Amino acid sequence: MNISKRLISGTDVDMITIEEKEANLSQSEHFKKLILQDIRQGSRKIIISFSNVEYVDSSFLGALVAILKELLPHNGKLVLIGLNDDIVNLFQLTRLDKIFILKNDLDAAIKEF
Amino acid sequence: MKNAFPISLILQIPKHPDEILSFTKSALAEIMKCKELDIDHQRRIKMILVELVTNSIKHSLNTDSQIKLIIDHPSLTIQKLEKGLQIEFTSSEQQIPFEEIDKTIKISFSKENKHHIQTLDKYKFKFLNPFAEGLDIEHMPEHFGLYIITLASDSFIYQYDPESKENRFTVNINT
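Residues numbered from 1 in each chain as written. Chains lettered and ligands numbered in written order. Predicted model: local features only at pLDDT ≥ 70, side-chain atom pairs only at ≥ 80, totals over all residues.

1. A look at the interface of chain B and chain A
Line of reasoning, step 1. Counting residues at the interface gives 23 residues for chain B and 23 residues for chain A.
Line of reasoning, step 2. Put simply, the parts of the chain that give the side of chain B that touches chain A at least two residues each are α1 (20–34), α2 (39–59) and α3 (145–152) of chain B.
Line of reasoning, step 3. Taken together, the residues that form the side of chain B that touches chain A break down as 15 nonpolar, 3 polar and 5 charged. (Contact = placed C-beta atoms within 7 Å. Helix = DSSP H or I, 4+ residues; strand = E, 2+ residues; numbered from the N terminus. Nonpolar A, V, L, I, M, F, W, Y, C, P; charged D, E, K, R; others polar.)

2. Concerning the pairing of strand β1 (residues 3–7) of chain A
Line of reasoning, step 1. Taking burial as the measure, the 5 residues of β1(A) include 0 buried ones, a minor fraction of the element.
Line of reasoning, step 2. Here β1(A) hands over to strand β2 (residues 14–18) of chain A after 6 residues, with A:Gly10 in that stretch at a positive phi of 80°. (Buried ≥ 20, exposed ≤ 12 C-beta atoms within 10 Å, placed from the backbone. Pairing = 2+ DSSP bridges.)

3. So, the confidence of the model for chain B
All names here are of chain B.
Line of reasoning, step 1. Overall, the predicted model of chain B reaches an average pLDDT of 89, with 93% of residues at or above 70.
Line of reasoning, step 2. Summarising per-element confidence for chain B, the mean pLDDT is lowest in strand β4 (residues 104–110) (86) and highest in strand β7 (residues 155–161) (97).
Line of reasoning, step 3. For this predicted complex, the interface score ipTM comes out at 0.92, while the overall pTM is 0.93. (pLDDT = per-residue confidence, 0-100.)

4. Here's the deal with the sheet that holds β1(A)
Residues and elements named next belong to chain A.
Line of reasoning, step 1. Spatially, the 5 strands line up as an open sheet ordered β1-β2-β4-β6-β7, and their pairing is mixed. Of all the strands in the sheet, the pair left with one neighbour each is β1 and β7 (101–103). On average, each strand axis in the sheet is inclined to that of its neighbour by 25°, with strand direction left out of account.
Line of reasoning, step 2. Sheet topology note: the strand β4 (residues 45–49)/strand β6 (residues 77–81) ladder contains 5 bridges and is parallel. The residue bridging Ser49 from the neighbouring strand is Ile81, located in β6. (Axes fitted to C-alpha atoms, helices over the stretch in contact; angles between N-to-C directions.)

5. Re the domain arrangement of chain B
Residues and elements named next belong to chain B.
Line of reasoning, step 1. Taken domain by domain, chain B consists of domain 1 (7–80) and domain 2 (104–174).
Line of reasoning, step 2. Relative placement of domain 1 and domain 2: their C-alpha centres are 18 Å apart.
Line of reasoning, step 3. Every contact between the two is made by 16 residues of domain 1 and, on the other side, 12 residues of domain 2.
Line of reasoning, step 4. At the level of elements, α2 and β3 (75–83) are the ones that each hand at least two residues to the side of domain 1 that touches domain 2.
Line of reasoning, step 5. In terms of residues, the side of domain 1 that touches domain 2 owes the most to one element, α2, which gives 9 residues.
Line of reasoning, step 6. Class assignment for the residues of the side of domain 1 that touches domain 2 results in 7 nonpolar, 6 polar and 3 charged. (Domains from an automatic or database assignment.)

6. Some remarks on the environment of B:Gly84
Line of reasoning, step 1. Mapped onto the elements of the fold, B:Gly84 is located in the loop between β3 and β4.
Line of reasoning, step 2. You can call B:Gly84 partly exposed: it has 15 C-beta atoms within 10 Å.

7. So, α1(B)
Line of reasoning, step 1. The end-to-end C-alpha distance of α1(B) is 22 Å, a good match for the 21 Å that 15 residues give at a rise of 1.5 Å each.
Line of reasoning, step 2. Against α2, β2 (66–71) and β3 of chain B lie the buried residues of α1(B). (Expected span 1.5 Å × (residues − 1).)

8. As for the sheet that holds strand β6 (residues 124–127) of chain B
Residue and element names in this part refer to chain B.
Line of reasoning, step 1. If you walk across this open sheet you meet the 8 strands as β1-β2-β3-β8-β7-β6-β5-β4, and the pairing is antiparallel. The open sheet has two edge strands, β1 (7–12) and β4, and neither has a second partner. The average undirected angle you get between the axes of adjacent strands in this sheet is 25°.
Line of reasoning, step 2. Relative to β3, β2 runs antiparallel, the two being bridged by 6 bridges.

9. A look at the packing of α1(B) against α2(B)
Residues and elements named next belong to chain B.
Line of reasoning, step 1. As a packed pair, α1 and α2 sit with axes 9 Å apart at the nearest point and diverge in direction by 135°. Between α1 and α2, the interaxial angle falls into the category oblique. Seen along the crossing, α1 lies across α2 with a hand that is right-handed. For the pair α1 and α2, contact is made by Ile20, Phe23, Thr24, Ala27, Leu28 and Ile31 and by Gln42, Ile45, Lys46, Leu49, Val50, Val53 and Thr54, respectively. (Parallel < 35°, antiparallel > 145°, perpendicular 65-115°, else oblique. Left-handed = near helix turned anticlockwise from the far one by under 90°.)

10. Observations regarding the environment of A:Lys45
Residues and elements named next belong to chain A.
Line of reasoning, step 1. Following the sequence through the fold, Lys45 ends up in strand β4.
Line of reasoning, step 2. Residue classification places Lys45 among the buried positions, given that 20 C-beta atoms sit within 10 Å.
Line of reasoning, step 3. Between the alpha carbons of Lys45 and Ala63 there is a distance of 17 Å; along the sequence they are 18 residues apart.
Line of reasoning, step 4. Not counting chain neighbours up to four residues away, the residues in contact with Lys45 comprise Asp12, Val13, Asp14, Gly76, Lys77 and Phe113.

As structure tokens, then:
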């Protein structure tokens with residue numbers, strides 16, 4: 001899966017941007033492995049940007065849940081940004097909007113840490 | 001000119017995940033040629049199509065899976081038709097063919113994929129609201145496909161025909 005990663009300057013927050021239009025079955029396992037690996041190597045504050053993503057399927061939602069389950073016991077935090085209306089609607093339908101922190105943009109996300 | 005309902009369309013399910021988005025968009029466009037839909041219904045239909053097709057690509061070895069759209073007023077029916085073996089539960093007090101009809105039972109397809117269903121006949125059941133017992137992150141599933149279809153639809157029914165060996169997933173949406 002094509003993603004870009006950077007440390008937000010002046011913080012210990014990792015910013016991950018999904019560089020794909022479709023976050024689906026063909027991407028979810030690889031994405032999960034990449035982020036779980038980061039968490040095992042010490043990453044605790046993570047922002048994931050969906051600004052390039054047109055749709056998310058159930059497999060990718062499952063990957064996000066697995067990431068959050070790994071992060072929370074380490075007192076980590078995950079914030080999701082740049083979700084379009086269809087993706088926000090999917091989070092609301094599945095009630096994952098009550099579990100995940102969803103923010104419009106990077107500035108709002110950084111304030112969560 | 002008014003459309004003469006119902007209108008039926010058969011669509012071949014794509015074989016690769018990267019074709020799902022274009023398949024979903026073209027299926028929705030076909031539906032909207034026949035009837036107007038608000039944004040909420042469009043979203044729900046897209047979610048259902050994405051998850052039905054994703055489920056097929058994940059689980060079915062059959063190359064002839066089809067989506068059948070029955071566009072009517074005031075409802076839309078989306079059916080996924082697949083030849084093959086019937087659904088089997090990894091954990092349940094009952095399996096298909098059911099012995100007890102009109103009963104709510106808890107089934108699972110894996111450790112993280114549990115559902116409540118209502119048996120409708122020996123070979124037919126309805127998925128029930130997955131949030132009846134509430135959810136928290138500890139018990140949050142990692143498989144959402146069938147949940148999404150159940151929540152986005154007005155009814156979601158599975159049926160197996162033992163003679164034709166056909167699995168039929170029928171989703172109804174009041175439009």
